[in-house]
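# Structural overview
Single-letter residue listing:
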Amino acid sequence: MRKALRWKAWPIIALSAAVALAVPVIAHDGYVIQLLNIAILNAIVVIGLNFATGWAGQINFGQAAFYGLGAYTTAIATKAGLPWIVTPFLSVIVVVVASLILGLPTMRLRTYYLAMTTIGFGEIIRLMIVHWEPVTGGTSGLRAIPGISIFGIGPQGQIQHYYLLIATLGLAVLIALRVRNSVLGRAMIATKDSEIAAEQSGVDTTRTKLLAFMIGAIYAGLAGCLYASSIRFISPDSFSGTQAILLMTMLIIGGMGSIAGCVVGAVALTILPEALRFLGQWYLVLYGLGVVAVIVLAPGGLASLASQVQPRRARLR
Amino acid sequence: MQAIIGPNGSGKTTLLNALSGASHADAGSIRIGGNEIFRLKPHRIARLGLARTFQTIRIFDNLSVIENVKVAAGCNMPTSLFNIIASNARQRQSEAAIDRNSREALEIVGLAGRANDHATQLPYAQQRLLEIARALASKPNVLLLDEPAAGMNMTESMTLLNTIARLKSSGITILLVEHNVRLVMGISDRVTVLDFGKKIAEGAPSEVQRNLLVIEAYLGRRHRHA
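In this text the structure is predicted, and so the values were computed from the model without any measurement. Residue indices follow the written sequence of each chain, beginning from 1 at its first position. Throughout, the order in which chains and ligands are written sets their labels, letters from A for the former and numbers from 1 for the latter. A pLDDT threshold of at least 70 governs which residues receive local features in this predicted model, and a stricter bar of 80 or more applies before side-chain atom pairs are shown or counted, although totals over entire chains, interfaces and linings include all residues.

### Some remarks on the overall build of chain B
What counts, and what does not: Per the convention used, a helix needs a DSSP run of H or I reaching at least four residues, while a strand needs a run of E reaching at least two, with both numbered from the N terminus. Throughout, the radius of gyration refers to the C-alpha atoms, and the reference size of a globule is 2.2 Å times the residue count to the power 0.38. Whether a residue is buried, exposed or partly exposed follows from its count of other C-beta atoms within 10 Å of its own C-beta, namely 20 or more, 12 or fewer, or something in between, respectively; the C-beta atoms are built from the backbone. Each residue gets a C-beta atom placed from its backbone, and two residues are in contact if those atoms lie within 7 Å.
Each helix and strand in chain B was counted, giving 11 helices and 8 strands. Whereas a compact globule of 226 residues would reach a radius of gyration of roughly 17 Å, chain B reaches 19 Å, a difference of no more than 12%. Relative to its full complement of 226 residues, chain B shows a buried share of 38%. Considering only contacts within chain B whose residues lie at least 6 apart along the sequence, 65% involve residues at least 24 apart.

The structure is reproduced here in structure tokens:
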């Protein structure tokens with residue numbers, strides 16, 4: 001049965017891979033590729049958010065702050081002259097420490113209280129970035145961040161960055177799938193569905209929530225690392241509370257708990273505002289209406305639409 | 001096989017919650033084998049071999065039938081994030097063992113055919129059986145069943161009874177909490193009767209049935225003289 005499902009999924013995987021690889025051939029515009037690069041990075045961050053929020057059911061508005069921590073750690077380290085290769089490790093160390101500081105005391109909190117705490121955490125990180133000007137550049141951000149380079153070899157130009165980021169996204173999806181189909185992934189979803197029943201089935205729910213939170217933070221931290229060294233410019237705006245809400249919206253619009261949904265939501269909500277720019281000030285109205293429409297018409301997110309099509313087709317047969 | 005019966009509000013579920021760690025008793029001692037489990041967290045108690053089902057169904061809605069069972073089947077498996085990400089031989093072996101145990105547990109309650117369905121697609125009575133399968137998958141020494149027949153019709157209850165009888169013969173200690181006295185009498189070795197949180201009778205089913213205090217608790221004082 002599982003094998004059969006996997007076979008059914010192959011054409012879709014092959015098709016999306018083909019489209020992803022063909023995009024730079026069609027879109028020569030550097031601006032479009034740059035936008036797609038940001039969309040891919042956002043997708044990685046949203047897949048990370050899905051561990052804690054989509055699966056383990058813990059509301060987390062701190063994801064943008066973890067994204068920022070990874071980006072600033074990388075920018076500061078490479079500008080100080082450290083080789084690029086150490087920055088992913090540094091970013092991971094920083095976000096793991098931060099996620100433990102935030103997670104250990106708060107994983108017992110529920111719903112609103114957890115949401116409030118994570119909002120507060122995001123604000124603290126933003127204020128630190130804004131006010132620690134000599135190091136972080138304050139509100140004007142950091143420019144001319146050294147690019148990705150491993151022993152002198154690194155991607156040149158936006159198209160090469162695009163392929164590198166697509167490969168990273170593929171890896172992020174693969175790891176998320178493996179976690180989902182393991183003891184850990186099932187424990188996360190069980191924790192969300194019924195914490196009492198999960199505990200009584202032998203699941204350490206506190207540890208599970210903390211792990212979901214931490215893995216998500218690592219995703220965000222690594223995406224931040226790649227953001228800093230491929231976009232080469234960062235400012236506090238990219239990692240603010242507004243960004244945290246946007247990441248949550250991507251998750252909800254795409255479909256909580258669905259990895260494909262995370263990617264669809266992140267790509268759609270990164271590109272749409274730019275694509276609708278010709279509408280001028282009306283773009284926000286349309287954008288808002290679109291978000292509301294998805295929430296009302298497809299509460300399971302865009303990903304749930306795809307799964308709704310299949311049973312209907314089966315009935316026709 | 002021990003049954004606990006008693007009228008509504010007599011403390012049956014409260015007792016189960018105290019045993020399984022879902023809520024804490026004020027004082028006392030609870031032991032499984034040689035382990036003191038009083039005031040341990042529920043997942044520690046579960047890993048020491050105590051499994052339970054719930055009076056109101058608590059299945060995992062976002063998982064498939066077999067995945068529901070796998071949650072419990074994996075409870076004593078060591079999890080390493082590294083193994084999961086690498087998907088190495090050790091990881092695949094432990095997943096295969098979990099899969100085997102889960103299918104066995106589903107087989108026992110007769111749900112093997114629905115392993116890949118979504119848990120919420122099961123009808124009510126089968127969701128109760130799924131809870132039992134989930135409890136069995138952790139290989140417990142003690143199984144607490146909290147009103148497993150609640151909401152079932154006569155045929156469904158009879159199938160359930162057969163399943164419980166089979167479990168009993170496989171050597172698991174079962175603590176059955178039931179509201180329905182008739183259901184309990186046939187399969188229990190010992191019956192304890194609770195009323196207002198106090199033990200009012202204990203013994204073989206036949207003895208308990210004749211106990212005046214029990215009749216009084218269930219039917220009220222007037223019937224004693226009637």
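### Focus: the overall build of chain A
When its secondary structure is counted, chain A shows 14 helices and 0 strands. Order of helices (α) and strands (β) in chain A, N terminus to C terminus: α-α-α-α-α-α-α-α-α-α-α-α-α-α. The globule rule puts the C-alpha radius of gyration for 317 residues at 20 Å, and the 20 Å found for chain A is close to it. Across the 317 residues that make up chain A, the buried fraction comes to 46%.

### Examining the domain arrangement of chain B
Threshold: Bear in mind that the domain bounds are from an automatic or database domain assignment.
By the assigned domains, chain B splits into domain 1 (2–49 + 140–225) and domain 2 (61–123). The C-alpha centroid of domain 2 of chain B is placed 29 Å from the C-alpha centroid of domain 1 of chain B.

### A look at the packing of helix α5 (residues 89–109) of chain B against helix α6 (residues 124–137) of chain B
Helices that pack against each other are described as a pair by the angle of their axes relative to one another and the distance between those axes. All names here are of chain B. We apply this condition: To get an axis, a line is fitted to the C-alpha atoms, and for a helix only the part in contact is used. The angle between two axes follows their N-to-C directions and goes from 0 to 180 degrees. Angles are sorted into four bins: roughly parallel if under 35 degrees, roughly antiparallel if over 145, roughly perpendicular if 65 to 115, and oblique for all others. Crossings are classed by handedness, with left-handed meaning an anticlockwise turn of the near helix from the far one by less than a right angle and right-handed meaning a clockwise turn.
Contact pair α5 / α6: the axes reach a minimum separation of 8 Å and the direction vectors enclose 140°. Taken together, α5 and α6 sit at an angle that is classed as oblique. Our pair here, α5 against α6, has a crossing hand that is right-handed. Across the interface between the two elements, Asn-101, Ser-102, Ala-105, Leu-106, Ile-108 and Val-109 of α5 pack against Leu-129, Ile-132, Ala-133, Leu-136 and Ala-137 of α6.

### Section: the sheet that holds strand β5 (residues 142–146) of chain B
Residue and element names in this part refer to chain B. For clarity, the threshold we go by: We call two strands paired when DSSP finds no fewer than two bridges between them.
Here 6 strands make up an open sheet; going across it, the order is β4-β5-β6-β1-β7-β8 and the pairing mixed. The sheet terminates laterally at β4 (50–52) and β8 (198–203), the two strands that pair on one side only. Geometrically, the sheet is characterised by an average inter-axis angle of 20° between neighbouring strands, direction not taken into account. One ladder, built from 5 bridges, connects β5 with strand β6 (residues 173–178); its direction is parallel. Looking at β6, one finds that Val-142 is bridged to Thr-173.

### Here we look at the pairing of β5 of chain B
Residues and elements named next belong to chain B. To keep it simple, the criterion reads: Handedness rule for crossovers: strands pointing away from the viewer, path from the first strand over the helix to the second running clockwise, crossover right-handed.
Of all 5 residues that make up β5, 4 are buried, and the element is covered over most of its length. As paired strands, β4 and β5 are joined by 3 bridges and run parallel to one another. When the bridges of β5 are listed, Ala-51 appears paired with Leu-143. Between the parallel elements β5 and β6, the chain passes through helix α7 (residues 154–169) in a crossover that is right-handed.

### So, the interface of chain B and chain A
Every contact between the two is made by 29 residues of chain B and, on the other side, 24 residues of chain A. At the level of elements, α2 (42–47), α3 (65–73) and α4 (81–86) of chain B are the ones that each hand at least two residues to the side of chain B that touches chain A.

### Let's talk about the packing of helix α2 (residues 30–55) of chain A against helix α7 (residues 157–180) of chain A
Residues and elements named next belong to chain A. One way to put it is that α2 packs onto α7 with a least axis distance of 10 Å and a crossing angle of 20°. In terms of axis orientation, α2 runs roughly parallel to α7. Once α2 is placed against α7, the crossing between them reads as left-handed. Residues Gly-30, Ile-33, Gln-34, Leu-36, Asn-37, Ile-40, Leu-41, Ala-43, Ile-44 and Ile-47 of α2 touch α7, and the partners they reach there are Gln-158, Ile-159, His-161, Tyr-162, Leu-165, Ile-166, Thr-168, Leu-169, Ala-172, Val-173 and Ala-176.

### Considerations on the environment of Asp-204 of chain A
All names here are of chain A. Turning to its location among the elements, Asp-204 is positioned in the loop between α9 (195–200) and α10 (205–231). Residue class for Asp-204 comes out buried when judged on the 21 C-beta atoms lying within 10 Å of it. Distance in space between the C-alpha atoms of Asp-204 and Ala-187 is 8.4 Å, their sequence separation being 17 residues.

### Considerations on α5 of chain B
All names here are of chain B. As a reminder, the rule being used: A helix is expected to span 1.5 Å for every residue after the first.
For α5, built from 21 residues, the straight-helix expectation of 30 Å at 1.5 Å per residue is met to within 8% by its first-to-last C-alpha distance of 31 Å. Elements that come into contact with the buried residues of α5 comprise α3, α4, α6 and α7. Positive phi appears at Gly-110, one or two residues downstream of α5, with a value of about 80°.

### Quick word on the environment of Gly-202 of chain A
Along the polypeptide, Gly-202 of chain A turns up in the loop between α9 and α10. For the pair Gly-202 of chain A and Pro-134 of chain A, spaced 68 residues apart in the sequence, the C-alpha separation amounts to 50 Å. Setting aside chain neighbours within four positions, we find Gly-202 of chain A in contact with His-43, Ala-46, Arg-47, Ala-72, Cys-75, Asn-76 and Ser-138 of chain B.

### Let's talk about α7 of chain B
Residues and elements named next belong to chain B. Between its first and last C-alpha atoms α7 spans 23 Å; for 16 residues at 1.5 Å apiece the expected length is 22 Å, and the two agree. Those residues of α7 hidden inside the fold are in contact with β6 and α8 (181–187). Phi turns positive one or two residues past the end of α7, at Gly-171, with a value near 100°.

### With respect to unusual backbone geometry
Residue and element names in this part refer to chain A. In the Ramachandran plot, Phe-151 falls in the positive-phi region, its phi being about 50° despite a non-glycine side chain. Here the phi dihedral of Arg-232 falls at roughly 70°; this positive angle occurs in a residue that is not glycine. Structurally, Arg-232 can be placed in the loop between α10 and α11 (241–254).

### Brief notes about the confidence of the model for chain A
Do not read the fine detail of predicted coordinates wherever pLDDT is low. Residue and element names in this part refer to chain A. Going by this rule: A score between 0 and 100, pLDDT records how confident the predictor is in each residue.
In the predicted model, chain A carries a mean pLDDT of 89, and the fraction of residues at 70 or more is 94%. Contacts for the low-pLDDT stretch residues 1–5, under 50 throughout, to residues beyond four places or in other chains number 1 contact. This stretch, residues 311–317, has a pLDDT under 50; its non-local contacts, to residues over four places away or in other chains, come to 0 contacts.

### Comments concerning the confidence of the model for chain B
All names here are of chain B. Summing up the model confidence of chain B, the mean pLDDT is 86 and the portion of residues at 70 or higher is 96%. α3 holds the highest mean pLDDT among the elements of chain B, 96, whereas helix α11 (residues 222–225) holds the lowest, 50. This prediction of the complex comes with two scores: 0.90 for pTM and 0.89 for ipTM.

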